[in-house]
Amino acid sequence: MTRLNTNQWLALVFAILAAGYIAMAWQIPTFPLPRPVDSDLFPKVLGFALLILSVFLFFEKPTPIAGADEIDQEATQGPMLFTPWARVIVTSLAIAAYAFLLVPLGFVLASTLLSVGLTAYYGYRRHGVNLATSLGVVLALYLTMTQVMDVYLPTGLLPF
């Protein structure tokens, strides 16, 4: 019997989670009126996608990562705000702030602020490109979800 590597253990955990998620997705009641896309379609697709990806992960051959066991001294010796753990904390706080500001500011402003802020924090310095790309993606998502899918998103300060 061979031992399972880390990828295979993770694949088994993800497959179990996917199976549970799919089982719960089958419990979602269908909408009484006929619709081409019902409320249970996206969770089922997401669950099967996770199951397929976990199968791919199980059979993926792991390759050694150069320096995987070494700690990057430059990352830990830099300014405190840019250490790896500080980045996790700052990102978590930014997501929490996004959740609190979503209704007062609206989806477009809050999402653009989160995207521009985090990409600037992580080191991208072309702020014009960053703003244009973030705003374009957020507006495309907003218009798709509100106009095509009839999903309500908070407008906040903008008069959409």
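Quick caveat: nothing in here was measured; it's all calculated off a predicted structure.

## Digging into the overall build of the protein chain
1) Next: Helix and strand counts for the protein chain come out as six helices and zero strands.
2) Next: Starting at the N terminus and ending at the C terminus, the protein chain contains elements arranged as α-α-α-α-α-α.
3) Next: Counting every position in the protein chain, which comprises 160 residues, the buried fraction comes to 21%.
4) Next: The contacts of the protein chain with a sequence gap of at least 6 include a subset with a gap of at least 24, amounting to 55%.
5) Next: Carbon and sulfur atoms make up 74% of the accessible area of the protein chain, which amounts to about 12,200 Å² in all.

## As for the packing of helix H4 (residues 84-105) against helix H5 (residues 107-121)
A pair of packed helices can be characterised by two numbers: the angle between their axes and the separation between those axes.
1) Next: Running from N to C, H4 and H5 point in directions that differ by 165°, and their axes come no closer than 8 Å. Judged on the interaxial angle alone, H5 and H4 are roughly antiparallel. Seen from above, H4 lies across H5 with right-handed handedness. Here Ala 86, Arg 87, Val 90, Thr 91, Ala 94, Ile 95, Tyr 98, Leu 101, Leu 102 and Leu 105 of H4 lie close against H5, whose contacting residues are Phe 107, Leu 109, Ala 110, Ser 111, Leu 113, Leu 114, Leu 118 and Tyr 121.
2) Next: Tallied by class, the residues present in the contact of H4 with H5 amount to 15 nonpolar, two polar and one charged.

## Here we look at the side chain of Ser 134
1) Next: Looking at the secondary structure, you find Ser 134 in helix H6 (residues 127-148).
2) Next: Residue classification places Ser 134 among the buried positions, given a relative accessible area of 6%.
3) Next: At a separation of 2.7 Å, a polar atom in the side chain of Ser 134 contacts the side chain of Ser 115.
4) Next: Engagement of the side chain of Ser 134 in a polar contact is seen with the backbone oxygen of Asn 130, the distance being 2.9 Å.
5) Next: Leaving out residues up to four positions away in the same chain, Ser 134 has contacts with Thr 112, Ser 115 and Val 116.

## Looking at a nonpolar patch on the surface
1) Next: A cluster of nonpolar side chains, contributed by Leu 10, Val 13, Phe 14, Leu 17 and Leu 50, occupies part of the molecular surface with about 410 Å² of accessible area.
2) Next: A per-element tally of the nonpolar patch places helix H1 (residues 6-25) first, with four residues.
3) Next: By the secondary structure assignment, Leu 17 is in helix H1.

## A word on the confidence of the model for the protein chain
1) Next: Per-residue confidence for the protein chain averages 86 on the pLDDT scale, and 89% of its residues sit at or above 70.
2) Next: By mean pLDDT, helix H3 (residues 73-77) is the weakest element of the protein chain at 59, and H5 is the strongest at 95.

## Some words on the packing of aromatic side chains
1) Next: Overall, the coordinates contain three aromatic pairs when judged by the stated rule.
2) Next: Seen in terms of ring centroids, Phe 58 and Phe 59 are 5.2 Å apart; in terms of plane orientation they differ by 85°. Their pairing is edge-to-face.
3) Next: Owing to a relative accessible area of 66%, Phe 59 belongs among the exposed residues under this scheme.
4) Next: Their ring planes at 20° and their centres at 6.2 Å tell us that Phe 107 and Tyr 142 sit as a pair that is stacked. Highlighted residues: Phe 107 in helix H5 and Tyr 142 in helix H6, separated in sequence by 35 residues.
5) Next: A residue is classified by how much of its surface remains accessible, and Phe 107, at 12% relative accessible area, is buried.
6) Next: Owing to a relative accessible area of 6%, Tyr 142 belongs among the buried residues under this scheme.

About the cut-offs
- Residues numbered from 1 in each chain as written.
- Predicted model: local features only at pLDDT ≥ 70, side-chain atom pairs only at ≥ 80, totals over all residues.
- Heavy atoms only, no water.
- Helix = DSSP H or I, 4+ residues; strand = E, 2+ residues; numbered from the N terminus.
- Buried < 20%, exposed > 50% of the residue type's maximum accessible area, 1.4 Å probe, protein only.
- Contact = heavy atoms within 4.5 Å.
- Areas by Shrake-Rupley, 256 points an atom, 1.4 Å probe, with all protein chains shown as cover.
- Axes fitted to C-alpha atoms, helices over the stretch in contact; angles between N-to-C directions.
- Parallel < 35°, antiparallel > 145°, perpendicular 65-115°, else oblique.
- Left-handed = near helix turned anticlockwise from the far one by under 90°.
- Nonpolar A, V, L, I, M, F, W, Y, C, P; charged D, E, K, R; others polar.
- Polar contact = N/O pair within 3.5 Å; in protein donor to acceptor, adjacent residues only side chain to side chain.
- Patch = residues over 30% accessible without salt bridge, like charges linked within 9 Å, V, L, I, M, F, W, Y side chains within 5 Å.
- Salt bridge = Lys/Arg side-chain N within 4 Å of Asp/Glu carboxyl O.
- pLDDT = per-residue confidence, 0-100.
- Phe/Tyr/Trp six-rings, centres within 6.5 Å; stacked < 30°, edge-to-face > 60°.

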